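The primary structure of each chain is shown beneath.
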Amino acid sequence: MPTSVCTAKASYKKIPGVLELNDSNLQWTQDGRKAPSVRVPLTDAASLFCSKEGATQVRLKLGLFSDDNGHNFTFISPQAVAYSEREKFKKELTTIISRNRTAAENAAKPPVTALNASNPPTPKAATTVSPSRASSSRAASVSSDTGATPIIPGNDPASDFRLRKTVLLNNSELAALHRELVIGGQITESEFWEGREHLLYAQVASEQQHKGKPGQLVDPRPEAVEGGEVKIRITPQLVHDIFDEYPVVAKAYSDNVPQKLSEEDFWRRYFQSKLFNAHRASIRSSATQHVMKEDPIFDKYLEKDDDELEPRRQRDIDIDLLLDLAATREDHEETGNEQDITMQAGKQKGALPLIRKFNEHSERLLNSALGEGPSHKRRRIDESDYETIDLDDLHDPEASIGIALEMQDRQRYFEGRMTNASTDASQETLDIKEIIQNTNAELQQWASSLAQLKIERKPGDAALLSMTQNVAARLDVKSKRNDIPDGLFRQMRTCQTAANEFLRQFWTATYPPITEGPSLTTPAQRAAKASKMIGYLSKTSEKVAAIVQTAQQQGADPARVDVAMKPVLDAVERALVFHRNKKTSRS
């Protein structure tokens, strides 16, 4: 019998039940039943998502290798208990998912394992790569790696490679860095993408977004051409939109083309018919029908204007009482405000068909976004009236309790404040009347005092000279901004980008980020990676010296190159000193 790891009260699709995790499955059983309604083998777990901390509902979503949508569970215990239960499931499932991913990655590349076992590459062969053959260099890079290239959960290695290629094609600077470091054999493929998984996830999200149906009502606009003629430009997309918006036109097309009319004659007669004017999104179209010529083919598809009090097309679903404005009309016949006699339904009959046309168009847009399934399947079930109108976005975020300030000798602090308050109270109060009188007396002879005022010229001249020098310096910098040749500037940028990447790899290996679940790399592997990056960083000063020498040969100012590269050299020097001190302390 399977051993239970943890259990909790949780709802699935708004139905309460019990969620249980044992050593082989994750299963959910509805209250009142014995057999589990949902059972997921642990080997199928691929990804895990949780609701943010402080959310109204504590939720957990488990994605599967075979189904990205997975299963959603809501913990229904009191929030504090539900949060602790969710964290237990999260901790156990994170370990299981990490184990599943490792197994999937090992099973995805058996040829590489066999090659390494039969003919293990030397370190020199792993780093010496031919730039002219990208495929062989990439294979060597991956096979020599101690870890695994980041793979998007639920995707195969081929799709992951396609995603990485797409990201590089969209980012020329990242592609240049990848070409220099990975294809150049300095770092491996997985080391390059470590810490850049967010770029792959962003690419997946952008590819999964589909453009929805346009919200504009189909209303072809005639264009005036030379000679006073009017034409309408017909495109395949316009034809598709007309058929989708007005099924009666699609029926007319099916009945008459090509038996009675050619396609060109069909559209020419349609745009000149009363049927086209009835479909136009304007209240003036009803008036235009009286001057249009009769058409024996299209006139039989005309329908009477939908201008009655009740619409011709009745909704076949039950309207929610919280949305039905007429649900409580009979309860307020004798109370409340008196009805306005000007607000009568159907008084403007000419506007009713247009309003209903817009409503039907909006309904079709929503149906295209929600799907074509029955409406009752899209409604939330087993909810109380309060849960229907209780929206998470309307709740204030939970206020943080803050961080407690620990103080030493707290009593002394408050005694000091009380002493300052008593000192301020004992100070002499100012006489406002006396101050005003003294000020008036001093201002009596202000005209003579102003005439005797003499401004020295020396401070003004100094200020003007300082501003002139500042403007001249700015103009000088602007004129010398582009005196570095493009080739030299490209070398400086490449050196800086490579050094920053080596620094990122070094500090990531030294201080790995905190992740949930077991780490995929051991301390020995991280130490080896840090030593490898230090070897690359130690050559940065030589590269900068070579760039300075190149600047002298090309007639550029070497001092400007030194100033530009100094921040990089300082960061590299700090990493080298840190590594030496750490190595000395261990020895």
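What comes next is a walk through the structure. Everything numeric in this text was worked out from a predicted model, so none of it was measured. (Residues numbered from 1 in each chain as written. Predicted model: local features only at pLDDT ≥ 70, side-chain atom pairs only at ≥ 80, totals over all residues. Heavy atoms only, no water.)

**As for helix 22 (residues 523-537)**
At step 1: Counted at 1.5 Å a residue, the expected span for helix 22 with its 15 residues is 21 Å, and the 21 Å between its end C-alpha atoms agrees.
At step 2: What helix 22 keeps buried is the set Arg526, Lys529, Ala530, Met533, Ile534, Tyr536 and Leu537. Buried residues in helix 22, looked at end-on, bunch into an arc of 155°, giving them a common side.
At step 3: Elements in contact with the buried residues of helix 22: helix 7 (189-193), helix 21 (486-510), helix 23 (540-553) and helix 24 (558-586). (Helix = DSSP H or I, 4+ residues; strand = E, 2+ residues; numbered from the N terminus. Expected span 1.5 Å × (residues − 1). Buried < 20%, exposed > 50% of the residue type's maximum accessible area, 1.4 Å probe, protein only. Arc of directions from axis to C-beta. Contact = heavy atoms within 4.5 Å.)

**Quick notes on the nonpolar core**
At step 1: Within the largest apolar cluster, 28 residues are counted, with the highest numbers of intra-cluster contacts made by Ile187, Phe192, Trp193, Phe502, Phe506, Leu537 and Val572.
At step 2: Residue assignment for this core shows that the elements contributing at least two residues are helix 5 (157-170), helix 6 (172-181), helix 7, helix 8 (197-208), helix 21, helix 22 and helix 24.
At step 3: Here this core gets 6 residues from one element, more than from any other, and that element is helix 21.
At step 4: When residues of this core are assigned to domains, at least three fall in each of domain 2 (157-208) and domain 3 (486-513 + 521-586).
At step 5: Other than its neighbours up to four places away in sequence, Leu537 contacts Ala499, Phe502, Leu503, Phe506, Val572, Ala575 and Leu576.
At step 6: Membership of the second largest hydrophobic core comes to 23 residues, among which are Val40, Leu60, Phe89 and Ile96. (Core = buried A, V, L, I, M, F, W, Y, C linked by side-chain atoms within 4.5 Å. Domains from an automatic or database assignment.)

**Structural notes on the side chain of Ser273**
At step 1: In this fold, Ser273 is placed in the loop between helix 11 (263-270) and helix 12 (274-279).
At step 2: Only 2.6 Å separates the side chain of Ser273 from the backbone oxygen of Tyr270, close enough to count as a polar contact.
At step 3: Beyond its immediate chain neighbours, meaning those up to four positions away, Ser273 contacts Met292 and Phe298. (Polar contact = N/O pair within 3.5 Å; in protein donor to acceptor, adjacent residues only side chain to side chain.)

**Some points on unusual backbone geometry**
At step 1: The omega angle of the peptide bond from Val257 to Pro258 is 0°, so this bond is cis rather than trans.
At step 2: Mapped onto the elements of the fold, Pro258 is located in the loop between helix 10 (247-256) and helix 11.
At step 3: The phi dihedral of Lys13 falls on the positive side, at around 60°, and the residue is not glycine.
At step 4: Inspection of the secondary structure puts Lys13 in the loop between strand 1 (4-12) and strand 2 (15-22).
At step 5: With relative accessibility at 60%, the residue Lys13 sits in the exposed group.

**Considering the sheet that holds strand 6 (residues 58-64)**
At step 1: Spatially, 7 strands are ordered 4-3-2-1-7-6-5 in an open sheet, and the strand pairing comes out antiparallel. Two strands bound the open sheet, and with one partner strand each, they are strand 4 (38-41) and strand 5 (45-50). Ignoring which end each strand starts from, the neighbouring axes of this sheet average 30° apart.
At step 2: Sheet topology note: the strand 6/strand 7 (residues 71-75) ladder contains 5 bridges and is antiparallel. Of the residues in strand 7, the one forming a bridge with Leu62 is His71. (Pairing = 2+ DSSP bridges. Axes fitted to C-alpha atoms, helices over the stretch in contact; angles between N-to-C directions.)

**Regarding the pairing of strand 1**
At step 1: For strand 1 and strand 2, the ladder comprises 8 bridges, and the chain directions are antiparallel. Residue Cys6 lies in a different strand from strand 2, and its bridge partner there is Leu21.
At step 2: Remark: 2 residues form the turn of the hairpin made by strand 1 and strand 2, two consecutive strands paired antiparallel; Lys13 in that turn has positive phi of roughly 60°.
At step 3: In this structure, strand 1 lies alongside strand 7, joined through 2 bridges in antiparallel fashion. Paired with Ala10 across the strands is Phe75, a residue of strand 7.

**Focus: empty space enclosed by the protein**
One simple way to see leftover space: roll a probe sized like a water molecule over the atoms.
At step 1: For the coordinates displayed, the defined rule picks out 1 cavity of 30 Å³ or more.
At step 2: In this structure, the largest cavity encloses a volume near 50 Å³.
At step 3: In terms of lining, the largest cavity is formed by Val218, Asp219, Pro220, Ile242, Tyr246, Tyr270, Phe271, Phe276, His279 and Arg280.
At step 4: For the lining of the largest cavity, a count of residues per class yields 7 nonpolar, 1 polar and 2 charged. (1 Å grid on protein atoms, 1.4 Å probe; cavity = no way out; pocket = protein on both sides within 12 Å on 5 of 7 lines; lining within 4 Å. Points joined across faces, edges and corners; volume = space filled by probe spheres on them. Nonpolar A, V, L, I, M, F, W, Y, C, P; charged D, E, K, R; others polar.)

**Things to note about the pattern of salt bridges**
At step 1: Tallied over the entire structure, the rule returns 14 salt bridges.
At step 2: Two residues, Asp265 and Arg268, come together in a salt bridge whose shortest N-O distance is 3.3 Å. Taken together, the residues Asp265 and Arg268, both in helix 11 and 3 residues apart, mark about one turn of the helix.
At step 3: Put simply, Asp461 and Arg457 hold a salt bridge, and the shortest N to O gap is 3.5 Å. Placement of the pair is Asp461 and Arg457 together in helix 20 (residues 457-479), with a separation of 4 residues, close to one helical turn.
At step 4: Exposure remark for Asp461: the relative accessible area of 39% places this residue in the partly exposed category. (Salt bridge = Lys/Arg side-chain N within 4 Å of Asp/Glu carboxyl O.)

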